[in-house]
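Results of the structural survey
So the chains spell out like this:
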Amino acid sequence: MVTGQKLCFMSTLIVYCVVQSGNAISPDGETLLGFKAAVVDPDRVFLQWRQEDADPCKWKGVRCDPQTKRVTYLSLPSGRLSGLITNEIGKLSSLKLLALNDNSFYGNIPSELGNCTELQFLYLQGNFFGGSIPPELGKLSELETLDLSSNSLSGSIPPSLANLPKLSAFNASTNFLTGRIPSEGSFLKFFKDSFVGNRLLCGAQLDVVCQDSVGGPSSTSPTPGSDSGASRRKSSRYSTRLLISAVATVGALLLVALMCFWGCFLYKKFGKNDGQNLAMDISEGASIVMFHGDLPYASNDILKKLEYLDEDNIIGCGGFGTVYKLAMDDGNVFALKKIAKTNEYLDRFFERELEILGSIKHRYLVNLRGYCNSPSSKVLIYDFLPGGSLDEALHGRSDHLDWDARVNIIMGAAKGLAYMHHDCSPRIIHRDIKSSNILLDGNLEARVSDFGLAKLLEDSNSHITTRVAGTFGYLAPDYMQTGRATEKTDVYSFGVLILEILSGKRPTDSSFLEKGLNIVGWLNFLVMENRQREIIDPQCEGTQVESLDALIGVAAQCVSSNPEERPTMHRVVQRLESEVITPCPSDFYDSNSD
Ligand SMILES: Nc1ncnc2c1ncn2[C@@H]1O[C@H](COP(=O)(O)OP(=O)(O)OP(=O)(O)O)[C@@H](O)[C@H]1O
Ligand SMILES: *[C@@H]1O[C@H](CO)[C@@H](O)[C@H](O)[C@H]1NC(C)=O
Ligand SMILES: *[C@@H]1O[C@H](CO)[C@@H](O)[C@H](O)[C@H]1NC(C)=O
Ligand SMILES: [Mg+2]
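Procedures and definitions
- The residue numbering used here restarts from 1 in each chain and proceeds along that chain's sequence as written.
- Here every chain gets a letter starting at A, and every ligand a number starting at 1, in the order they are written.
- This being a predicted model, a pLDDT of at least 70 is required before a residue's local features are given, and a value of 80 or more before pairs of side-chain atoms are given or counted; all residues contribute to the totals for chains, interfaces and linings.
- In computing side-chain properties, one takes all heavy atoms of the structure into account and sets aside hydrogens as well as water.
- Strands were regarded as paired on the criterion that DSSP finds at least two bridges between them.
- Strands are runs of DSSP state E lasting at least two residues, helices are runs of H or I lasting at least four, and both sets are numbered from the N terminus onward.
- Angles here are taken between N-to-C directions and fall from 0 to 180 degrees, while the axes themselves are lines fitted to C-alpha atoms, restricted in helices to the stretch in contact.
- Sites may look incomplete because water is not among the atoms; the donors themselves are N, O and S atoms within 2.8 Å of the metal, or within 3.2 Å for Na, K and Ca.
- For every residue, the accessible area (1.4 Å probe, protein chains only) is compared with the maximum for its type, and the residue is labelled buried under 20%, exposed over 50%, or partly exposed between those bounds.
- Disulfide assignment relies on a single distance test, namely cysteine sulfur atoms paired within 2.5 Å.
- Should an angle fall under 35 degrees it is taken as roughly parallel, and over 145 as roughly antiparallel, whereas 65 to 115 is taken as roughly perpendicular and any remaining angle as oblique.
- Whether two residues are in contact is decided by their heavy atoms, any of which lying within 4.5 Å being enough.
- Each residue gets one label: Ala, Val, Leu, Ile, Met, Phe, Trp, Tyr, Cys and Pro are nonpolar, Asp, Glu, Lys and Arg are charged, and the others, such as Gly, are polar.
- Under this definition, polar contacts are N or O atom pairs within 3.5 Å; protein pairs additionally need one hydrogen-donor-capable and one acceptor-capable atom, and for neighbouring residues in sequence, both atoms have to be side-chain atoms.
- Here a residue is near a molecule or strand as soon as one of its heavy atoms is found within 4 Å of it.
- Accessibility throughout is a Shrake-Rupley quantity obtained with a 1.4 Å probe, and a residue counts as covered only by protein chains that appear here.
- Salt bridges are defined as contacts in which a side-chain nitrogen from Lys or Arg sits within 4 Å of a carboxyl oxygen from Asp or Glu.
- Remark: nonpolar core denotes a set of buried residues (Ala, Val, Leu, Ile, Met, Phe, Trp, Tyr, Cys) joined through side-chain atoms within 4.5 Å.
- Per the annotation, domain bounds derive from an automatic or database assignment of domains.
- How sure the predictor is of each residue is captured by pLDDT, a score from 0 to 100.

This brings us to the sheet that holds strand E11 (residues 169-171). Backbone-to-backbone hydrogen bonds join strands into a sheet, with any given pair of strands oriented parallel or antiparallel. Taken in spatial order, the six strands of this open sheet run E2-E3-E5-E7-E9-E11, and their pairing is mixed. Where the open sheet ends on each side, the last strands, each with one partner, are strand E2 (62-64) and E11. Here the strands of the sheet are splayed against their neighbours by 10° on average, with no regard to which way each runs. As paired strands, strand E9 (residues 145-147) and E11 are joined by three bridges and run parallel to one another. Bridge assignment links Leu146 to a residue of E11, and that residue is Phe170.

Structural data, given as C-alpha cells:
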C-alpha cells in the first residue's frame, strides 16, 4: 500500500531524527536541559541553551573541563530564576562549582547533590530553599565553601558536615535552623556570623547553651517499621542518617506547634486567673476611656460588668492576650481584649496610640470603641462580630464558604487594608494580616481586626520569637530577613491570604511542608506547570473560572519575592473591582454602619 509505505518511510525518518538528536548532546548537556525545563526564566538566561549543540560548554553560566568536556562550573547567580532543583543535578559528577545564589529557587536542596563529589564551591544563599540540609552534603570531601544563608531551611545542621576536611567557609545564617551546632572538626573554625538569625540554634558559637531535650537529634528514639532502606545494605547508614534528620525535622516542627499550643494554653490559663484578677486590677484606679461617645454607658456600668467576667466568657486567645465576650444589659455585645503582658513602652504610648486607632472608622475595619486603663492591665473594647474569624470559617466548620462569599471577603479585606495604607493619617501598617485577624459579621462581610496592635505591643526583642509560630506562613521573605515591616510586607501577607481563601488550606499545611514548600511555593509550582486552577478548594461551590484566574493573577503579584513588584493595596482593589466578577453589591447588607 502506498500509504503504508509512506508511513513506514516517515517513521524511519522520525527514528533517524531522534537517534540523531540523541547523539547530538552529551549526557551532561541532557542533564542541564532537564534542569532548565524545571526553571522559570523571566530574563531569558537560557536563550542559547540549545538541544542541537554537541555539548553545553559554551552555554551561558557553564564551563567544562577542556579534555573531557564534562561540566565543571554552573554559575547563574543573582537573577530571577525560580523553580525546583531535582536530584538529576547529581549526575553532573565533575562539577566543581555550583552558584545559584540570589535567585528564587524553592523546594528542597536535592540530596543527590552529594553525588557531585568533586564539588569545591556551593553557593545557594539568598533563595527560598526549605526542608532540611541534606546530610549527604557530608560526602563532598573536596568542599571548601558552603553558603546556605538567607533561605528558609529548617531542621538541624547535619553533624556529617563537620567531617568535611577542606571546608573553610560556611554560612547558614538567617534560616529557621534548630538544635545543636556541631562543635568538632571543621566547625571549630566558624563563629557567630556563620549562624546568626536562626532562632532555635544553640551551641558555643552562638553563646547559647543547648537544653538537653533540644540539643541533639540523637536523643529521639528510632521509629519502628519505617520503610524501604533495610534491603539495601550499602545505603543503610545513609538511610539511618536520613531518618534521623527526618525525625529531627518533624520534631522541630512539632516543637514549634507545641510551643504555639502551649502559649495559647498558658494564656488561657492566665486568662482564667486574670478573670478573677480583672476585678481587683480594675478597682484600684482604673478608668474607662470611650471614643466619640461610641460607648453609651457610664464607666461604672462597664467596670461592674468586668468584675463578673470569667472563663466562661472567653471566646479566644491569641499572641497578645485573651478575648472575652461582654454582653451589656441593653443587649449590645462587645469583645474585650485583655493584653497579657504590658511593658514600659506600652505604658508610655498606650493612650496616644489608642487614640489614633480609636479614631479610625471604616466599614471593613473592626471598630475600637474604647479601652480600660489600669496600672496593671489593659483592656481594649471592640465591636463583637458574630461570624467569628475567617480562620474558623475556612478551617474549623463543616459548612463551607461558597465562591461568592469568598470573593466578597477578599474584596472587603482588601478595602479595609487599602484604607489603612492610603487613607489614614498617619498611615497604618497592619503587620499581622492572617485569617484569624479577618473577622466576619452576621452577613459574612469581612472586617480587618487587630490593626496597629503589632506595632504597639511587640517590643523589638520579642517580636519574631513570640509571633512567628502563628504567623510564619504569612511573612514576606524581606520581612523575615530584615524584620522591617512596610506596606509591601502587608501586601505579601494579603496575597497569602487570597491563596488561603481560594485553596481552603493553611499557608503551612502539612501537604506543602512534606514537599518542602509553603503555599507560595505551591502556587509557583502550579503556575509553572500551567495547572494553577487546581488551587481551588474542592469544597467551594459556584466557582467562576474567569474570576478565579484574575484572583490568582492578583495573588501571584502580591506574593512576588521582590517587594517592588508587589502592587499597592489601592491597585489591588482596582484590579479586583475591574477583573473579578463580584456577586451582588454587598452595600445593601451594611447592618451597623455608623
Ligand atoms: N471582635 C471580635 N469579635 C468576635 N470574635 C473575636 C473578636 N476578636 C477576636 N475574636 C475571636 O478571638 C480569637 C482570638 O483573637 P486574637 O486576636 O486574640 O488572636 P489571633 O487573631 O489568633 O492572633 P493575634 O494575637 O495575632 O491577633 C479570634 O480568632 C476570634 O475567633
Ligand atoms: C547517586 O548515587 C547513588 C548511589 O551511588 C545512585 O543510586 C544514584 O542514582 C545517583 N544519582 C544520580 C542522580 O546520579
Ligand atoms: C553570612 O551571611 C550573612 C547574610 O547573607 C552575612 O551578613 C554574614 O556576614 C555572612 N557570614 C559569613 C561568615 O560570611
Ligand atoms: Mg487577632
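Here the focus is the coordination of the magnesium ion (ligand 4). Distances from the magnesium ion (ligand 4) to its protein donors, Asn437 (OD1) and Asp450 (OD), fall within 1.9 Å. You can see Asn437 sitting in the loop between helix H8 (403-423) and strand E20 (438-440) and its partner Asp450 sitting in the loop between strand E21 (446-448) and helix H9 (453-457), a full 13 residues away along the chain. For Asn437, a relative accessible area of 5% corresponds to the buried category.

This part takes up the state of the cysteines. All chains considered together, the criterion is met by two disulfides. Between the sulfur atoms of Cys57 and its disulfide mate Cys64 the distance is 2.1 Å. Its torsion about the S-S bond being -95°, the disulfide of Cys57 and Cys64 is classed as left-handed. Covalently, Cys202 is tied to Cys210 through a disulfide, its sulfur atoms 2.1 Å apart. Between Cys202 and Cys210, the disulfide has an S-S torsion of 100° and is therefore right-handed.

The next subject is the sheet that holds strand E13 (residues 200-202). Ordered by their spatial adjacency, three strands build an open sheet running E10-E12-E13, and the pairing between neighbours is parallel. Both edges of this open sheet fall to strand E10 (154-155) and E13, since each of them pairs with a single strand only. As judged from the three bridges shared by strand E12 (residues 176-180) and E13, these two strands associate in the parallel manner. Residue pairing for E13: Gly179 is matched across the bridge by Leu201.

Take the packing of H8 against helix H12 (residues 487-503) next. Put simply, H8 and H12 touch, their axes get as near as 10 Å, and they point 170° apart. Comparing the axis directions of H8 and H12 gives the class roughly antiparallel. Contacts from Trp403, Arg406, Ile409, Ile410, Ala413, Ala414, Leu417 and His421 of H8 reach H12 at Glu487, Asp490, Phe494, Leu497, Ile498, Ile501 and Leu502. The residue inventory of the contact of H8 with H12, partitioned by class, reads 11 nonpolar, one polar and three charged.

Time to look at the side chain of Asp450. Relative accessible area serves as the criterion here: at 10%, Asp450 is assigned to the buried category. Within the structure, the side chain of Asp450 is placed 2.8 Å from the side chain of Lys337, a separation counted as a polar contact. Asp450 has contacts with Lys337, Tyr382, His430 and Asn437, leaving out every residue within four places of it along the chain.

Attention now moves to the site of ligand 3. Around ligand 3 lies a shell formed by Ser149, Ser150, Asn171, Ser173, Asp193 and Ser194. In the environment of ligand 3, an oxygen atom lies 3.4 Å from a nitrogen or oxygen atom belonging to the side chain of Ser149. Asp193 is positioned with one of its backbone polar atoms (N or O) 2.8 Å from a nitrogen atom of ligand 3. In isolation ligand 3 has 360 Å² of accessible area, and contact with the protein removes 47% of it. Residue composition of the shell around ligand 3, grouped by class: no nonpolar, five polar and one charged.

A few words on the pattern of salt bridges. Opposite charge on two side chains lets them pair, provided their charged atoms get close. This model, assessed by the stated rule, comprises 20 salt bridges. With a shortest N-O distance of 2.8 Å, Lys337 and Asp450 are connected by a salt bridge. One end of the pair, Lys337, is in strand E17 (residues 333-339); the other, Asp450, is in the loop between E21 and H9, with 113 residues separating them in the sequence. What makes Lys337 buried here is its relative accessible area of 10%. One salt bridge in this structure joins Asp391 and Arg506, with 2.9 Å as the shortest N-O distance. Placement of the pair is Asp391 in helix H7 (residues 390-395) and Arg506 in the loop between H12 and helix H13 (510-514), with a sequence separation of 115 residues. Residue classification places Asp391 among the buried positions, given a relative accessible area of 18%. Residue class for Arg506 comes out partly exposed when judged on its relative accessible area of 39%. Overlapping salt bridges, with partners in common, bring together Asp43, Arg80 and Glu565 in one network.

Bringing the nonpolar core into the picture now. Core analysis: the biggest nonpolar cluster contains 79 residues, and Leu380, Phe494 and Leu576 have the highest contact counts within it. Counting residues per element, this core draws most heavily on H8, at 11 residues. Residues lining this core come from more than one domain, with at least three contributed by each of domain 2 (252-383) and domain 3 (390-589). Sequence-distant contacts of Phe494, defined by excluding residues within four places in its chain, comprise Ile410, Ala413, Ala414, Leu417, Ile433, Met569 and Val572. Within the second largest apolar cluster, 51 residues are counted, among which are Leu119, Leu143, Leu167 and Leu201.

The predicted structure's coordinates, where accompanied by low pLDDT, should not be read in detail. Overall, the prediction assigns the chain a mean pLDDT of 79, with 75% of residues at 70 or greater. Segment residues 1-22: pLDDT under 50, and one contact once partners within four positions in sequence are set aside and those in other chains are kept. Long-range and interchain partners of residues 585-594, a stretch whose pLDDT sits below 50, account for 13 contacts in this model, where long-range means more than four residues apart.

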